[in-house]
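So you can see what is in the structure, the chains are spelled out below.
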Amino acid sequence: MGNKILSKLKGKNFLLLFLAGCINAVGVTMFLAPVNLYDSGFSGTSMLLWQITPDEFSLAFFLLVLNLPFFLFGLRRQGVQFTVYAVFAVVVYSAASYLITDVLPIEVASASPFAGQDLLLCAVFGGLISGVGSGLTIRCGGAIDGVEVLAVIFAKGMGITVGTFVMIYNVLLYIVIGVITRSWVLPLYSILTYCAAIKTMDFIVEGLDKAKSAMIVTGRPQEVCDALSAAFGHGITQMDARGYYSNQARTVIYFVVNRFQIGRLTDIVRDIDPTAFVTIAEVSDVFGSSLKEK
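Residues numbered from 1 in each chain as written. Predicted model: local features only at pLDDT ≥ 70, side-chain atom pairs only at ≥ 80, totals over all residues. Heavy atoms only, no water.

## Observations regarding the overall build of the protein
To keep things clear, this is the line we draw: Every helix listed is a DSSP run of H or I at least four residues long, and every strand listed is a run of E at least two residues long, numbered separately from the N terminus. Burial classes follow relative accessibility: with a 1.4 Å probe on protein chains only, a residue under 20% of its type's maximum area counts as buried, one over 50% as exposed, and anything between as partly exposed. Per-residue and other accessible areas follow the Shrake-Rupley method at a 1.4 Å probe size, with only the shown protein chains counted as cover for residues. Here Asp and Glu are counted as negative and Lys and Arg as positive; His is not counted, and neither are the chain ends. For this purpose, a charge sits on NZ of Lys, CZ of Arg, CG of Asp or CD of Glu.
Across its full length, the protein carries twelve helices and four strands. When its C-alpha atoms are laid out on the principal axes, the protein stretches across 75 × 50 × 40 Å. Every one of the 294 residues in the protein was classed for burial, and the buried ones make up 41%. Accessible area of the protein: about 16,100 Å², with a carbon and sulfur share of 63%. Averaging the locations of the 20 positively and 20 negatively charged side chains of the protein gives two centres separated by 10 Å.

See below:
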């Protein structure tokens, strides 16, 4: 069993996770922390604890203390592969943060080495960079923040979604930061950081050009499929169906294209069967080949 699990772990993923941890550390320690801005989740909580506790407690210490227990606690639900990747990413993130703040000759105590004390630049670029790190981690099958695991464990019992749980956690975190610092300027900029990170993470995980899936319900399937195949050169999936009210036989055609091809697809279908029912949905990932078999 152990060998089977180990065989699923990929060296390429560990390399990318190492890069992701270092990227996250750069975003947090070189852009956010120097001007007292905060990341989201346990990362942001670690930054807050780091700033309000004695100097002997480092950011790396809190990152490990907050994240590792929840990754290990979620082992049964998330699986060994996810847990190994997540723990590795957090350890790298923590080690890289420690090197930047306590070992390397980089001045990050009171200003960003790149953006100085400009809160807007630090918020935007700190969010972008940390979003790249988080997105790479998710892309490789892990996570770099234990709050997602916390959400998976407890959200269902609370009757809310995982995304809602994470959002509530971050809202409460920024409120606590505002109360402790007695200022709402830094929490508001931190929300901007959070938004930049989320959009960047979505881009890394899902890609700029999301695929689109089309479901076409038609009574002229052969003509529609011939035209779509000739136009796009893709394989096509057909499924038999029957209209509920008409009780007539219909065919559902499933077809995947990119967003630039939607207009052409709908024109082709309308020309052949004006009564066809068409729905378009986003597809985050596509596996396997959809090329037309010869």
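Let us keep going from here.
## Let's talk about the packing of aromatic side chains
Note the threshold: Stacked, tilted and edge-to-face pairs are distinguished by plane angle, under 30 degrees for stacked and over 60 for edge-to-face with tilted covering the rest, among Phe, Tyr and Trp rings (Trp via its six-membered ring) whose centres lie within 6.5 Å. As a reminder, the over-ring test applies to NZ of lysine and CZ of arginine, requiring each to be within 6 Å of the ring centre and within 35 degrees of the ring normal.
Under the definition given, this model contains eleven aromatic pairs. Judged by centre distance (5.2 Å) and plane angle (70°), the rings of Phe61 and Phe62 are edge-to-face. Judged by its relative accessible area of 37%, Phe61 falls in the partly exposed class. By relative accessible area, which is 9% here, Phe62 ends up buried. Residues Tyr244 and Tyr245 carry aromatic rings whose centres are separated by 4.9 Å and whose planes lie at 75° to one another, so their mutual orientation is edge-to-face. With a relative accessible area of 73%, Tyr244 lands in the exposed category. Stacked on the ring of Phe232, the Lys or Arg Arg264 has its end atom at 5.3 Å from the ring centre.

## Some details on the sheet that holds strand β1 (residues 211-218)
The strands making up a sheet are joined through hydrogen bonds of the backbone, oriented either antiparallel or parallel. Note the threshold: By this definition, two strands are paired if DSSP reports at least two bridges between them. Lines fitted to the C-alpha atoms define the axes, with helices restricted to the stretch that makes contact. Angles between their N-to-C directions range from 0 to 180 degrees.
If you walk across this open sheet you meet the four strands as β2-β3-β1-β4, and the pairing is antiparallel. The two strands at the open ends of the sheet, each matched to only one other strand, are β2 (237-242) and β4 (277-283). With direction set aside, neighbouring strand axes in the sheet form an average angle of 25°. Strand direction decides the pairing type here: β1 and β4, joined by seven bridges, are antiparallel.

## Side note on the pairing of β1
Looking along a regular strand, one sees the side chains alternate between the two faces of the sheet. Among the eight residues that make up β1, six are buried, leaving the element largely enclosed by the rest of the structure. Where β1 lies against strand β3 (residues 249-258), eight bridges are found, and the strand directions are antiparallel. When the bridges of β3 are listed, Ser213 appears paired with Val256.

## So, the packing of helix α11 (residues 221-232) against helix α12 (residues 262-272)
Just so we agree on the cut-off: An angle counts as roughly parallel when it lies under 35 degrees, as roughly antiparallel when it exceeds 145, as roughly perpendicular when it falls between 65 and 115, and as oblique in every other case. Crossings are classed by handedness, with left-handed meaning an anticlockwise turn of the near helix from the far one by less than a right angle and right-handed meaning a clockwise turn. Contacts are assigned to residue pairs that have any heavy atoms within 4.5 Å of one another. Lys, Arg, Asp and Glu make up the charged group, whereas Ala, Val, Leu, Ile, Met, Phe, Trp, Tyr, Cys and Pro make up the nonpolar group; the residues left over, Gly among them, are polar.
Axis separation between α11 and α12 bottoms out at 10 Å; the angle between their running directions is 150°. Overall, the two elements α11 and α12 adopt an arrangement that is roughly antiparallel. For the pair α11 and α12, the crossing hand works out as right-handed. Packed against α11, whose contacting residues are Glu223, Val224, Ala227, Leu228, Ala231 and Phe232, the element α12 presents Arg264, Leu265, Ile268, Val269 and Ile272 at the interface. Here the contact of α11 with α12 is composed, by residue class, of nine nonpolar, no polar and two charged.

## Looking at the side chain of Ser46
Quick reminder of the rule: Any N or O atom pair separated by 3.5 Å or less is treated as a polar contact, with the protein-specific requirement of one donor-capable and one acceptor-capable atom, and with residues adjacent in sequence counted only for side-chain atom pairs.
Within the element layout of this structure, Ser46 appears in helix α3 (residues 41-52). With a relative accessible area of 0%, Ser46 lands in the buried category. Looking at Ser46, its side chain comes within polar contact range of the main-chain oxygen of Phe62, at 3.4 Å. The contact partners of Ser46, leaving out residues within four places of it in the chain, are Leu59, Phe62, Leu63 and Leu66.

## Considerations on α12
Cut-off, in case you're wondering: The directions considered for the arc are those from the helix axis to the C-beta atoms.
Buried within α12 we find Ile262, Leu265, Thr266, Ile268, Val269 and Ile272. An end-on view of α12 places all buried positions within 160° of arc, on one side of the element. Opposite the buried face of α12, by more than 90 degrees, sit the exposed residues Arg270 and Asp271.

## Let's talk about helix α6 (residues 80-103)
As a reminder, the rule being used: Expected helix span is given by 1.5 Å per residue-to-residue step, counting one fewer step than there are residues.
Over its 24 residues, α6 extends 33 Å from the first C-alpha to the last, a length consistent with the 34 Å expected when each residue adds 1.5 Å. Residues of α6 that are buried include every one of Phe82, Thr83, Tyr85, Ala86, Ala89, Val90, Val92, Tyr93, Ser94, Ala96, Ser97 and Ile100, and no others.

## Focus: the packing of α3 against helix α9 (residues 162-181)
The N-to-C vectors of α3 and α9 enclose an angle of 15°; their axes lie 10 Å apart at closest approach. The angle between the axes of α3 and α9 places the two elements in the roughly parallel class. For the element pair α3 and α9, the recorded crossing hand is left-handed. Here α3 contributes Gly41, Phe42, Gly44, Thr45, Leu48 and Ile52 to the contact with α9, which in turn contributes Tyr169, Asn170, Leu173, Val176, Ile177 and Ile180.

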